[in-house]
Amino acid sequence: MFSSSGMADGSGMFKVHQTIGSVLCCKCGIPMQPNAASMCVKCLSSEVDITEGLLKRLVLVHCPECESYLQPPRSWVKLQLESKELLTFCLKKLQKNFNSSKVRLVHAEFIWTEPHSRRIKVKVKVQKEVINGAILEQSYTVEYVQQEHMCESCSRVQANPDQWVAAVQLRQHVSHRRTFFYLEQLILKHGAAARAIRIKQMEQGIDFFFSNRSHAVKFVEFVGKVAPIRSRSDKQLVSHDPKSNNYNYKYTFSVEISSICREDLICLPPKVAVSLGNLGPIVICTKVTNSIALLDPFTLRHCFLDADQYWRTSFQSLLTSRQLVEYIVLDVEVVSSEVTIGGTKYRLADAQVARVSDFGKNDTIFNIKTHLGHLLNPGDYALGYDLYGANSNDMELDKYKGHIPEAILIKKSYEEKRQKKRGKPRAWKLKSLEMEVDDRRLDQDKMVSEYEQFLKDLEENPDMRFNISLYRNKEYQPSEMASVTDGDELPSVPLDELLADLDLSEDEDEEDNMTE
């Protein structure tokens, strides 16, 4: 009976093992496997050096300010130390030398050097056909010397930080900065302001300064894709050379963001309401991207208003989120089935509510219709607009007196549950742009409270978190007691949505730094 090692794979036939014979090296006489040169590797290496004529020392022009390298003739490439991209960049400089010497690159990896040594060392393994067709493989070290030289944009900034070519002025004429907090996260995630040489926070917006007009145009296009805007551009002559007919201009882009924000209450003008299929006229703004999502809270009819439609007949909000009033829900009776609009669930219900501020003062109760029937239960708290006690100067709204409810609920309130977690750090955090801030013009207390409200909105609204990056907070330490007492109904950010705040330049895997 034959053993398994003597059988061919799956064929059932006997397989004869072949033994490769050995010969003696013609130089030193040690036994070895036969090859075309009849020499062992050691003797062959002493006879032939395939690394002869290959470049072993090169110069890399490096910008110390932006960590970029010169790609001749004039372009600059931003690369991190010991990254896969830097290794590819270094090896491209050897490719012509390899082709002329007829050697083939097999393996390459970085050799660690001190960061301040201004040296990059790469261990390269090459193959070449030598005597009688024998293939020899050898390794050698290539040293790249970093020659410090600032790129054109960095040298311009160093010479004069205010020497910008194009400026983008983002403005929104509202009393809060919620839109800019959200827009800042979108800019960070997509790297839209990576080429900005300076960012300055203004009272009603943010200014971005660029060294090139095309960078500013690209940034304006990005903002137009995430918010309903209108823009205009101007240019100012800085200098003119009549001999060469060269003109230098400074360009300014003025960008205005729609004043309509999420959760705003709007009374649509008659022409707009008719153009939208007699929607409203009292509607709620549920979402703002490059279009405005409007919802009728009494019928669940909805529509999307793009930027062009809005700016043709622009209108203002009747009440904003800063005017929300807290109500307590006394009773809820569902009157329709659940409906999903734009990924968000709604259900019409008849509710009986009272203002929290009225407790102990009067017995005023409001019977209203709400679109939050899927969320609210008796005893819950909700935030809404008090149309019963509101002092509005809107002439269009006066036409509907007697036909509008005393209150319109906007969202469920979790403020009572948050009182237990007050002062405790969150399990997540956000990054922010490096901006110059004029403390004399900005109310810091107001900024802090608005930013805290923005963080609460992120916890309550998964749609807002979808387009931004949230990072794990290393200072957060979960407490078992806190998880029991806080309750499960308090909205929070799931851990699987958080990103690790890592510096990829330091934590790259060594295997990713190798290429063939």
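As shown above, the structure is provided for reference.
Residues numbered from 1 in each chain as written. Predicted model: local features only at pLDDT ≥ 70, side-chain atom pairs only at ≥ 80, totals over all residues. Heavy atoms only, no water.

Considering the nonpolar core
In step 1: In this structure, Val168, Phe208 and Phe219 are the most contacted members of the largest nonpolar core, which totals 38 residues.
In step 2: Contributions of two or more residues to this core are made by β9 (166–171), α5 (178–190), β10 (196–202), β11 (205–210), α6 (213–226), β13 (246–257) and α11 (444–460).
In step 3: The residues touching Val168, leaving out its near neighbours within four places in the chain, are Ile206, Asp207, Phe208, Phe210, Ala216, Phe219, Val220, Phe253 and Val255.
In step 4: Counting residues in each nonpolar core, the second largest holds 33 residues, with Ile50, Leu58, Leu91 and Leu94 among its members. (Core = buried A, V, L, I, M, F, W, Y, C linked by side-chain atoms within 4.5 Å. Buried < 20%, exposed > 50% of the residue type's maximum accessible area, 1.4 Å probe, protein only. Helix = DSSP H or I, 4+ residues; strand = E, 2+ residues; numbered from the N terminus. Contact = heavy atoms within 4.5 Å.)

Some details on the side chain of Glu263
In step 1: Topologically, Glu263 is positioned in the loop between β13 and β14 (265–267).
In step 2: Look at Glu263 and you get buried, because its relative accessible area is 7%.
In step 3: In this structure the side chain of Glu263 is engaged in a polar contact, spanning 3.5 Å, whose partner is the side chain of Lys411.
In step 4: Dropping the residues within four chain positions of it, Glu263 is found in contact with Arg178, Ile284, Cys285, Ser321, Leu324, Tyr385, Ile410 and Lys411. (Polar contact = N/O pair within 3.5 Å; in protein donor to acceptor, adjacent residues only side chain to side chain.)

Remarks on unusual backbone geometry
In step 1: A cis geometry characterises the amide bond from Pro72 onward to Pro73, with omega recorded as 10°.
In step 2: Within the secondary structure, Pro73 sits in the loop between β4 (68–71) and β5 (75–78).
In step 3: Although it is not a glycine, Lys102 adopts a positive phi angle of roughly 60°.
In step 4: You can see Lys102 is positioned in the loop between α3 (95–101) and β6 (104–111).
In step 5: The phi dihedral of Glu263 falls on the positive side, at around 75°, and the residue is not glycine.

Some thoughts on the pattern of salt bridges
In step 1: What the rule picks out here adds up to 18 salt bridges.
In step 2: Glu263 is the partner of Arg178 in a salt bridge, and the nearest nitrogen-oxygen pair spans 3.8 Å. Placement of the pair is Arg178 in helix α5 and Glu263 in the loop between β13 and β14, with a sequence separation of 85 residues. There is no split in this pair, since Arg178 and Glu263 are both buried.
In step 3: Across the pair Glu338 and Lys345 runs a salt bridge whose closest N-O atoms are separated by 3.9 Å.
In step 4: Since its relative accessible area comes to 37%, Glu338 is described here as partly exposed.
In step 5: Through salt bridges with shared partners, a single network forms among Arg178, Arg262, Glu263, Lys411 and Asp457. (Salt bridge = Lys/Arg side-chain N within 4 Å of Asp/Glu carboxyl O.)

What about the sheet that holds β4?
In step 1: On the basis of which strands lie adjacent, the open sheet formed by six strands has the order β5-β4-β3-β8-β7-β6 and mixed pairing. The sheet is open, and its two edges are formed by β5 and β6, each paired on a single side. Each strand of the sheet is rotated relative to its neighbour by a mean of 35°, with strand direction disregarded.
In step 2: Taken together, the two bridges between strand β3 (residues 57–63) and β4 define a ladder with antiparallel strand orientation. In the sheet register, Cys63 faces β4, and the bridge partner there is Ser68.
In step 3: Against the sheet, helix α2 (residues 84–92) touches β3, β4, β6, β7 (119–129) and β8 (135–148), its axis set at about 130° to β6. (Pairing = 2+ DSSP bridges. Axes fitted to C-alpha atoms, helices over the stretch in contact; angles between N-to-C directions.)

Remarks on α6
In step 1: With 14 residues, α6 extends 21 Å between its outermost C-alpha atoms, agreeing within 8% with the 20 Å of an ideal straight helix rising 1.5 Å per residue.
In step 2: When we look at burial in α6, the residues that qualify are Ala216, Phe219, Val220, Phe222, Val223 and Val226. Buried residues along α6 cover an arc of 160° about the axis, so they all sit on one side. Residues Lys218 and Lys225 are exposed on α6 and point more than 90 degrees away from its buried face. (Expected span 1.5 Å × (residues − 1). Arc of directions from axis to C-beta.)

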